[in-house]
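A look at the structure
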Amino acid sequence: MSKQITPYKESTLGKKEQVTQMFDNISGEYDGLNRVISLGIDMKWRKKVIALVKAHNPKIALDIATGTGDLAIMMAEATAAEKIIGLDLSVGMLEVGKKKVLSKKLADTIEMVVGDSENIPYPDNHFDAITVSFGIRNFETLEKGLAEIYRVLKPGGLLVILETSVPTKFPFKQGYAFHTKVILPLVGKLFSKDNSAYGYLSESASHFPFGEALNNILRKVSFIDCKAMPQTFGVATIYTATKK
(Lines give C-alpha, C1' and ligand atoms only; values in the text may rest on other atoms or scores of the structure.)
Protein backbone atom coordinates (compact mmCIF):
# COMPACT_ATOMS: atom_id res chain seq x y z
CA MET A 1 0.00 0.00 0.00
CA SER A 2 1.66 3.17 -1.19
CA LYS A 3 -0.26 5.64 0.97
CA GLN A 4 -0.68 5.22 4.71
CA ILE A 5 -4.10 6.43 5.86
CA THR A 6 -4.36 7.80 9.41
CA PRO A 7 -7.35 9.12 11.40
CA TYR A 8 -5.91 12.50 12.40
CA LYS A 9 -4.13 14.30 9.55
CA GLU A 10 -2.54 16.95 11.80
CA SER A 11 -1.31 14.49 14.44
CA THR A 12 2.39 13.74 14.84
CA LEU A 13 1.61 10.32 16.34
CA GLY A 14 2.18 7.11 14.34
CA LYS A 15 -0.76 5.24 12.82
CA LYS A 16 -0.90 2.70 15.66
CA GLU A 17 -1.18 5.40 18.34
CA GLN A 18 -3.74 7.36 16.31
CA VAL A 19 -5.93 4.30 15.73
CA THR A 20 -5.78 3.44 19.45
CA GLN A 21 -6.78 7.01 20.36
CA MET A 22 -9.60 6.98 17.80
CA PHE A 23 -11.14 3.72 19.06
CA ASP A 24 -10.83 4.87 22.68
CA ASN A 25 -12.74 8.02 21.66
CA ILE A 26 -15.61 6.19 19.92
CA SER A 27 -15.78 3.03 22.07
CA GLY A 28 -19.06 3.97 23.78
CA GLU A 29 -20.96 4.56 20.55
CA TYR A 30 -19.18 2.09 18.26
CA ASP A 31 -21.57 -0.88 18.43
CA GLY A 32 -24.71 1.15 17.75
CA LEU A 33 -23.20 3.18 14.92
CA ASN A 34 -21.75 0.06 13.32
CA ARG A 35 -25.21 -1.51 13.06
CA VAL A 36 -26.64 1.70 11.55
CA ILE A 37 -23.86 2.19 9.02
CA SER A 38 -23.83 -1.42 7.81
CA LEU A 39 -27.65 -1.74 8.01
CA GLY A 40 -27.01 -4.77 10.24
CA ILE A 41 -25.50 -6.78 7.38
CA ASP A 42 -22.18 -7.04 9.24
CA MET A 43 -23.79 -9.55 11.62
CA LYS A 44 -24.58 -11.85 8.67
CA TRP A 45 -20.95 -11.71 7.58
CA ARG A 46 -19.73 -12.43 11.11
CA LYS A 47 -21.98 -15.51 11.31
CA LYS A 48 -20.26 -16.86 8.18
CA VAL A 49 -16.85 -16.28 9.80
CA ILE A 50 -17.99 -18.20 12.90
CA ALA A 51 -19.29 -21.09 10.76
CA LEU A 52 -15.84 -21.40 9.14
CA VAL A 53 -14.12 -21.36 12.54
CA LYS A 54 -16.59 -23.86 14.01
CA ALA A 55 -15.88 -26.33 11.19
CA HIS A 56 -12.20 -26.21 12.20
CA ASN A 57 -13.13 -27.18 15.79
CA PRO A 58 -10.54 -25.05 17.64
CA LYS A 59 -9.69 -25.58 21.32
CA ILE A 60 -7.91 -22.23 21.70
CA ALA A 61 -8.65 -19.24 19.48
CA LEU A 62 -7.53 -15.63 19.12
CA ASP A 63 -9.70 -12.74 17.92
CA ILE A 64 -7.42 -9.86 16.89
CA ALA A 65 -8.72 -6.27 16.91
CA THR A 66 -11.59 -7.71 18.95
CA GLY A 67 -12.93 -4.23 19.76
CA THR A 68 -16.01 -4.66 21.95
CA GLY A 69 -15.82 -8.44 21.61
CA ASP A 70 -18.74 -9.23 19.27
CA LEU A 71 -16.92 -11.92 17.32
CA ALA A 72 -15.25 -13.45 20.39
CA ILE A 73 -18.68 -13.73 22.07
CA MET A 74 -20.24 -15.30 18.97
CA MET A 75 -17.35 -17.77 18.82
CA ALA A 76 -17.78 -18.73 22.47
CA GLU A 77 -21.50 -19.31 21.96
CA ALA A 78 -21.20 -21.29 18.71
CA THR A 79 -18.04 -23.38 19.09
CA ALA A 80 -16.56 -25.78 21.63
CA ALA A 81 -13.45 -23.62 22.11
CA GLU A 82 -12.14 -23.84 25.67
CA LYS A 83 -10.30 -20.50 25.56
CA ILE A 84 -10.78 -17.43 23.39
CA ILE A 85 -8.48 -14.43 23.64
CA GLY A 86 -9.85 -11.08 22.49
CA LEU A 87 -6.86 -8.85 21.69
CA ASP A 88 -7.04 -5.10 21.09
CA LEU A 89 -4.93 -1.97 21.50
CA SER A 90 -7.89 0.12 22.67
CA VAL A 91 -8.54 -0.08 26.41
CA GLY A 92 -11.81 1.81 25.88
CA MET A 93 -13.16 -0.79 23.44
CA LEU A 94 -12.03 -3.67 25.67
CA GLU A 95 -13.79 -2.16 28.70
CA VAL A 96 -17.07 -2.16 26.75
CA GLY A 97 -16.32 -5.73 25.65
CA LYS A 98 -15.56 -6.95 29.19
CA LYS A 99 -19.01 -5.79 30.34
CA LYS A 100 -20.63 -7.69 27.46
CA VAL A 101 -18.61 -10.84 28.29
CA LEU A 102 -19.68 -10.64 31.95
CA SER A 103 -23.34 -10.08 31.06
CA LYS A 104 -23.24 -13.18 28.85
CA LYS A 105 -21.52 -15.17 31.65
CA LEU A 106 -18.59 -16.04 29.37
CA ALA A 107 -15.71 -14.78 31.52
CA ASP A 108 -14.42 -18.34 32.01
CA THR A 109 -14.01 -18.76 28.25
CA ILE A 110 -13.16 -15.27 26.96
CA GLU A 111 -10.20 -13.22 28.15
CA MET A 112 -9.96 -9.63 26.91
CA VAL A 113 -6.31 -8.62 26.55
CA VAL A 114 -4.65 -5.28 25.75
CA GLY A 115 -2.13 -6.09 23.03
CA ASP A 116 -0.58 -5.19 19.71
CA SER A 117 -1.35 -7.27 16.62
CA GLU A 118 2.16 -6.59 15.34
CA ASN A 119 3.73 -7.91 18.55
CA ILE A 120 1.32 -10.60 19.77
CA PRO A 121 2.09 -11.52 23.42
CA TYR A 122 1.84 -15.30 22.90
CA PRO A 123 4.35 -18.03 21.97
CA ASP A 124 4.86 -19.61 18.54
CA ASN A 125 2.34 -22.23 17.37
CA HIS A 126 -0.16 -21.41 20.12
CA PHE A 127 -3.62 -20.95 18.53
CA ASP A 128 -5.80 -23.37 16.54
CA ALA A 129 -7.72 -20.54 14.87
CA ILE A 130 -7.31 -16.78 14.55
CA THR A 131 -9.94 -14.29 13.40
CA VAL A 132 -9.69 -10.60 12.46
CA SER A 133 -12.88 -8.73 11.60
CA PHE A 134 -12.51 -5.20 10.22
CA GLY A 135 -9.09 -4.91 11.84
CA ILE A 136 -6.28 -5.63 9.43
CA ARG A 137 -6.64 -2.32 7.60
CA ASN A 138 -5.74 -0.65 10.92
CA PHE A 139 -2.40 -2.48 11.12
CA GLU A 140 0.47 -0.02 10.92
CA THR A 141 2.56 -2.53 8.94
CA LEU A 142 0.31 -5.08 7.25
CA GLU A 143 2.96 -7.71 6.45
CA LYS A 144 4.41 -7.53 9.95
CA GLY A 145 0.97 -8.07 11.49
CA LEU A 146 0.21 -11.01 9.20
CA ALA A 147 3.64 -12.53 9.90
CA GLU A 148 2.90 -12.31 13.64
CA ILE A 149 -0.43 -14.06 13.09
CA TYR A 150 1.41 -16.78 11.16
CA ARG A 151 3.92 -17.16 14.01
CA VAL A 152 1.36 -17.71 16.78
CA LEU A 153 -0.90 -19.98 14.68
CA LYS A 154 -0.36 -23.73 15.00
CA PRO A 155 0.66 -25.70 11.88
CA GLY A 156 -2.63 -26.57 10.16
CA GLY A 157 -4.27 -23.67 12.00
CA LEU A 158 -6.91 -21.52 10.34
CA LEU A 159 -6.91 -17.76 9.79
CA VAL A 160 -10.24 -16.11 8.90
CA ILE A 161 -10.29 -12.42 8.00
CA LEU A 162 -13.41 -10.29 7.45
CA GLU A 163 -12.59 -6.95 5.88
CA THR A 164 -14.18 -4.25 3.77
CA SER A 165 -13.50 -4.34 0.05
CA VAL A 166 -14.55 -2.26 -2.93
CA PRO A 167 -17.23 -3.49 -5.37
CA THR A 168 -15.97 -3.51 -8.95
CA LYS A 169 -19.26 -3.84 -10.88
CA PHE A 170 -21.83 -1.17 -11.81
CA PRO A 171 -23.97 0.05 -10.02
CA PHE A 172 -22.57 -1.35 -6.76
CA LYS A 173 -19.22 0.38 -7.27
CA GLN A 174 -20.93 3.79 -7.56
CA GLY A 175 -23.34 3.09 -4.69
CA TYR A 176 -20.48 2.00 -2.44
CA ALA A 177 -18.46 5.15 -3.28
CA PHE A 178 -21.44 7.36 -2.33
CA HIS A 179 -22.07 5.41 0.89
CA THR A 180 -18.46 5.54 2.08
CA LYS A 181 -17.54 9.07 0.94
CA VAL A 182 -20.80 10.83 1.82
CA ILE A 183 -23.11 8.79 4.08
CA LEU A 184 -20.58 7.20 6.44
CA PRO A 185 -18.69 10.42 7.35
CA LEU A 186 -22.02 12.27 7.67
CA VAL A 187 -23.45 9.68 10.08
CA GLY A 188 -20.19 9.85 12.02
CA LYS A 189 -20.36 13.64 12.26
CA LEU A 190 -23.99 13.61 13.35
CA PHE A 191 -23.72 10.90 15.98
CA SER A 192 -20.07 10.71 17.01
CA LYS A 193 -18.01 13.02 19.21
CA ASP A 194 -15.01 12.18 17.01
CA ASN A 195 -15.54 13.77 13.57
CA SER A 196 -12.41 12.24 12.06
CA ALA A 197 -13.09 8.62 13.00
CA TYR A 198 -15.73 7.66 10.45
CA GLY A 199 -13.99 9.56 7.66
CA TYR A 200 -10.87 7.52 8.42
CA LEU A 201 -12.82 4.25 8.48
CA SER A 202 -14.18 4.88 4.97
CA GLU A 203 -10.92 6.28 3.55
CA SER A 204 -8.83 3.41 4.91
CA ALA A 205 -11.29 0.91 3.39
CA SER A 206 -11.02 2.45 -0.09
CA HIS A 207 -7.20 2.31 -0.10
CA PHE A 208 -6.81 -1.20 1.33
CA PRO A 209 -5.68 -4.14 -0.86
CA PHE A 210 -8.48 -6.67 -1.31
CA GLY A 211 -9.27 -9.89 -3.13
CA GLU A 212 -6.30 -11.48 -4.88
CA ALA A 213 -4.04 -8.56 -3.85
CA LEU A 214 -4.50 -9.48 -0.18
CA ASN A 215 -4.22 -13.20 -0.95
CA ASN A 216 -0.83 -12.53 -2.52
CA ILE A 217 0.36 -10.76 0.64
CA LEU A 218 -0.85 -13.74 2.72
CA ARG A 219 1.09 -16.11 0.44
CA LYS A 220 4.19 -13.92 0.73
CA VAL A 221 4.00 -14.35 4.51
CA SER A 222 3.86 -18.19 3.93
CA PHE A 223 0.14 -18.88 4.29
CA ILE A 224 -1.32 -21.58 2.02
CA ASP A 225 -4.84 -22.35 0.71
CA CYS A 226 -5.63 -18.63 0.55
CA LYS A 227 -9.23 -17.96 -0.54
CA ALA A 228 -11.21 -14.73 -0.95
CA MET A 229 -15.01 -14.87 -0.76
CA PRO A 230 -16.71 -11.54 -1.64
CA GLN A 231 -19.86 -10.73 0.36
CA THR A 232 -22.90 -8.57 -0.51
CA PHE A 233 -21.87 -7.40 -4.01
CA GLY A 234 -18.24 -7.10 -2.87
CA VAL A 235 -18.58 -4.50 -0.10
CA ALA A 236 -16.81 -6.95 2.23
CA THR A 237 -14.69 -10.06 1.73
CA ILE A 238 -14.06 -13.10 3.91
CA TYR A 239 -10.58 -14.58 3.54
CA THR A 240 -9.38 -17.96 4.75
CA ALA A 241 -5.79 -19.13 4.91
CA THR A 242 -3.90 -21.96 6.59
CA LYS A 243 -0.48 -22.31 8.19
CA LYS A 244 1.44 -25.12 6.54
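Whatever comes next refers back to the structure up there.
1. With respect to the overall build of the protein chain
- Summing up its helical and strand segments, the protein chain has nine helices and seven strands in all.
- Its C-alpha radius of gyration of 17 Å places the protein chain within 12% of the 18 Å reference for a compact globule of 244 residues.
- The 244 residues of the protein chain split such that 55% are buried.
- Relative to all contacts within the protein chain whose residues are 6 or more apart in sequence, the contacts with residues 24 or more apart total 73%.
- If you sum the accessible surface of the protein chain, you get close to 11100 Å²; carbon and sulfur atoms cover 58% of it.
- Computed over 31 positive and 26 negative side-chain charges, the separation of the two mean positions in the protein chain equals 6 Å.

2. Regarding the sheet that holds strand β1 (residues 60-64)
- An order of β3-β2-β1-β4-β5-β7-β6 is seen for the seven strands of this open sheet, with the pairing classed as mixed. Two strands bound the open sheet, and with one partner strand each, they are β3 (110-114) and β6 (223-231). For this sheet the average axis-to-axis angle between neighbouring strands, irrespective of direction, equals 15 degrees.
- Bridge analysis of β6 against strand β7 (residues 236-243) gives seven bridges, and the strand direction is antiparallel.

3. Describing the packing of aromatic side chains
- With the rule as written, the count across this model stands at five aromatic pairs.
- Between the aromatic rings of W45 and F134, the centroid separation amounts to 6.1 Å while the plane-to-plane angle is 55 degrees, which identifies the pairing as tilted. Taken together, the positions of W45 in helix α3 (residues 41-56) and F134 in the loop between β4 (127-133) and α6 (142-152) put the pair 89 residues apart, joining distant regions of the chain. Comparing W45 with F134, the two get one shared label, buried.
- Ring centres of F172 and F233 lie 4.1 Å apart, and the angle between their planes is 5 degrees; this geometry places the pair in the stacked category.

4. Thoughts on the side chain of E148
- With respect to the element layout, E148 can be found in helix α6.
- By relative accessible area, E148 is classed as buried at 11%.
- Within the structure, E148 has its side chain in polar contact with the backbone nitrogen of I120 (distance 2.7 Å).
- If we skip the residues at most four places from it in the chain, E148 touches S117, E118, N119 and I120.

5. A few points about the pairing of β4
- Where burial is concerned, most of β4 is hidden: seven out of the seven residues are buried.
- Judged from the six bridges that link them, β4 and strand β5 (residues 153-164) form a sheet pairing that is parallel. Each bridged residue has a counterpart across the sheet, and for A129 the counterpart in β5 is L158.
- The parallel pair β4 and β5 is bridged by α6, and the resulting crossover is right-handed.

6. Considering helix α4 (residues 70-78)
- The buried fraction of α4 amounts to seven of the nine residues, a majority that puts the element mostly inside the structure.
- Those residues of α4 that sit buried are D70, L71, A72, I73, M74, M75 and A76.

The rules behind the values
- Residues numbered from 1 in each chain as written.
- Predicted model: local features only at pLDDT ≥ 70, side-chain atom pairs only at ≥ 80, totals over all residues.
- Heavy atoms only, no water.
- Helix = DSSP H or I, 4+ residues; strand = E, 2+ residues; numbered from the N terminus.
- Rg over C-alpha atoms; globule rule 2.2 N^0.38 Å.
- Buried < 20%, exposed > 50% of the residue type's maximum accessible area, 1.4 Å probe, protein only.
- Contact = heavy atoms within 4.5 Å.
- Areas by Shrake-Rupley, 256 points an atom, 1.4 Å probe, with all protein chains shown as cover.
- Lys, Arg positive; Asp, Glu negative; His and termini not counted.
- Charge placed at Lys NZ, Arg CZ, Asp CG, Glu CD.
- Pairing = 2+ DSSP bridges.
- Axes fitted to C-alpha atoms, helices over the stretch in contact; angles between N-to-C directions.
- Phe/Tyr/Trp six-rings, centres within 6.5 Å; stacked < 30°, edge-to-face > 60°.
- Polar contact = N/O pair within 3.5 Å; in protein donor to acceptor, adjacent residues only side chain to side chain.
- Right-handed = clockwise from strand over helix to strand, strands pointing away.

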